[in-house]
Amino acid sequence: MNLPTLIPDLTVSQLTALPPAQLQEGYVSLQALQTVVKQALDRMNAALEIRYGERAREARLATGKDFGVVHLDDEGVRVTVDSPKRVSWNQSVLAETAQRIAASEERVEDYLDIEFSIPESRFNNWPPVLRGQFEAARTVKPGKSSFRLAMIDDNTPKEER
């Protein structure tokens, strides 16, 4: 049985019932396939950028837009090129601006979305008294689990078994 080609047709229950060695085989095959597909898509996107990127920039410029969607025609093929706007903000400049707003007795929240966070490594290194002051504001939830399946043999390091 060629498991990787069967996986799309298997239900979650059927996958769960597979023997561990077949689960590992399928998982490793899918990981390898994902890598190959990502590399191929990266090359394809690079080729599309070389082929259509400049035309898309010119078309966008002609409409007075720096970002957004433009449509190109290439020998009967409609090529849609979306160049989204990605905005980032200089955090130190925003902090200074927030201080000026607060100093003028305006509500900073009327102008800026503010989110406080504490890096977990910093929190864990604080003394217990300081940590206690922040614990009511801290919620810990599990992240998405990740899995790694490998066949065990005599050469497998113990920490990977």
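Residues numbered from 1 in each chain as written. Predicted model: local features only at pLDDT ≥ 70, side-chain atom pairs only at ≥ 80, totals over all residues. Heavy atoms only, no water.

A. Inspection of the pattern of salt bridges at higher detail. Applying the stated criterion across every chain, the model contains seven salt bridges. Between Lys-38 and Asp-42 there is a salt bridge whose closest N-O contact spans 2.8 Å. Taken together, the positions of Lys-38 and Asp-42, both in helix α3 (residues 20-62) and four residues apart, correspond to about one turn of that helix. (Salt bridge = Lys/Arg side-chain N within 4 Å of Asp/Glu carboxyl O. Helix = DSSP H or I, 4+ residues; strand = E, 2+ residues; numbered from the N terminus.)

B. Main features of unusual backbone geometry. Even without being a glycine, Glu-75 presents a positive backbone phi close to 50 degrees. Secondary-structure assignment places Glu-75 in the loop between β1 (68-74) and β2 (77-83). In this structure Glu-75 comes out as exposed when scored by relative accessible area, which is 80%. Phi is positive for Glu-105, which is not a glycine, with a value near 65 degrees. Mapped onto the secondary structure, Glu-105 falls in the loop between α4 (91-103) and α5 (120-125). The class for Glu-105 is exposed, based on a relative accessible area of 76%. (Buried < 20%, exposed > 50% of the residue type's maximum accessible area, 1.4 Å probe, protein only.)

C. Structural context of the packing of aromatic side chains. Taken as a whole and assessed by the stated rule, the structure comprises two aromatic pairs. Both rings, one in Trp-126 and one in Phe-134, keep their centres 4.9 Å apart while their planes meet at 50 degrees; by these two values the pair is tilted. With a relative accessible area of 32%, Phe-134 lands in the partly exposed category. Following the ring pairs from residue to residue traces out a cluster consisting of Phe-123, Trp-126 and Phe-134. (Phe/Tyr/Trp six-rings, centres within 6.5 Å; stacked < 30°, edge-to-face > 60°.)

D. Seen up close, α4. Here α4 spans 18 Å end to end across 13 residues, near enough to the 18 Å set by a 1.5 Å rise per residue. At the C-terminal side of α4, Glu-105 shows a positive phi close to 65 degrees. (Expected span 1.5 Å × (residues − 1).)

E. Highlighting the pairing of β2. Inspection of the sheet shows β1 paired to β2 by seven bridges, in the antiparallel sense. Bridged to Leu-72 within β2 is Val-79. As consecutive antiparallel partners, β1 and β2 are separated by two residues, and within that stretch Glu-75 has a phi angle of approximately 50 degrees, a positive value. (Pairing = 2+ DSSP bridges.)

F. Local environment of the nonpolar core. If you look at the biggest cluster of nonpolar residues, it comprises six residues: Tyr-52, Ala-56, Val-70, Leu-72, Val-79 and Val-81. Within the residue set of this core, elements represented by two or more residues are α3, β1 and β2. Apart from the residues within four sequence positions on either side, Ala-56 is in contact with Val-70, Leu-72 and Val-81. (Core = buried A, V, L, I, M, F, W, Y, C linked by side-chain atoms within 4.5 Å. Contact = heavy atoms within 4.5 Å.)

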